[in-house]
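Reading the structure
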Amino acid sequence: RLTYKSLVDSYSKVLPEDAIRFWKLFGGSKENIFTKALFYAFRLDPSTYKTGLTMVFFKSGDLAKLDEVLKSSSHWKSNNDPKKTEVIKRFKQYYIRMKWRIVFA
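Criteria and thresholds
- Along each chain, the written sequence defines residue order, and numbers are assigned to residues from 1.
- Restriction of local features to residues with pLDDT of at least 70 applies here, the model being predicted, together with a cutoff of 80 or more for giving and counting side-chain atom pairs; totals for whole chains, interfaces and linings are based on all residues.
- For the side-chain quantities, the full set of heavy atoms in the structure was used; hydrogens and water were omitted.
- Think of a salt bridge as a Lys or Arg side-chain nitrogen and an Asp or Glu carboxyl oxygen that are within 4 Å of each other.
- Runs of H or I in DSSP of at least four residues are treated as helices and runs of E of at least two as strands, each being numbered from the N terminus.
- A simple rule labels every residue: compare its accessible area, found with a 1.4 Å probe on the protein chains alone, to the largest value its type can have, and call it buried under 20%, exposed over 50%, or partly exposed in between.
- For two strands to be treated as a pair, DSSP must find at least two bridges joining them.
- To pair, rings of Phe, Tyr and Trp, with the six-membered ring standing in for Trp, must have centres within 6.5 Å; the planes then decide the type, stacked if under 30 degrees apart, edge-to-face if over 60, and tilted in the middle.
- Counting as a charge over the ring demands two things of the Lys NZ or Arg CZ atom: a distance within 6 Å of the ring centre and an angle within 35 degrees of the ring normal.

A complete count under the given rule lists four salt bridges for this structure. Across the salt bridge formed by Asp18 and Lys92, the nearest N and O atoms sit 2.7 Å from each other. Taken as a pair, Asp18 in helix α2 (residues 17-26) and Lys92 in helix α5 (residues 82-104) lie far apart in primary sequence, 74 residues in all. The exposure class of Asp18 is partly exposed, given its relative accessible area of 31%.

What follows deals with the sheet that holds strand β3 (residues 55-58). The strand order β1-β3-β2 describes an open sheet built from three strands, whose pairing is antiparallel. Sheet topology places β1 (2-3) and β2 (49-51) at the edges, where each strand pairs with a single neighbour.

What describes a pair of aromatic rings is the distance from one ring centre to the other and the angle between the planes of the rings. Counted by the stated rule, this structure contains 11 aromatic pairs. Note on Phe39 and Phe58: the rings are 5.9 Å apart at their centroids and 65 degrees apart in plane angle, and the pair reads as edge-to-face. Pair noted here: Phe39 is in helix α3 (residues 31-41) and Phe58 is in strand β3, with a separation of 19 residues, a long-range link. Overall, the relative accessible area of 15% leaves Phe58 in the buried class. Taking 6.4 Å as the distance between ring centres and 55 degrees as the angle between the ring planes, the aromatic pair formed by Tyr49 and Phe58 counts as tilted. Here the aromatic cluster, defined as three or more aromatic residues joined through ring pairs, consists of Phe22, Trp23, Phe26, Phe34, Tyr40, Phe91, Tyr94 and Tyr95. Over the ring of Tyr40 we find Arg90, and its NZ or CZ is 4.0 Å from the ring centre. Sitting above the plane of the Phe22 ring, Lys92 keeps its charged end 5.6 Å from the centroid.

Geometric values such as these leave the question of function open.
And the structure:
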């Protein structure tokens, strides 16, 4: 299990400033929403984790997938890296979908 804060601290360094601004603007700087957007962006299977009030709980062995994602993202070569571009696009897309759901709910 990991706290939302530890995930935000780890991954906010990997994501570019415009993605972090997007989170602060549309996510209200809520760490749990950042975590959900991050998992959506990196295509983590929702059946491998559960979200609580202050922590994310992983099934045994699935925490290694998260470490693998963090390691791979730290090796992005440039801003034009296709994997980085896709992750940032999906990260922002999560917030857009979230806002649309609120509007049409």
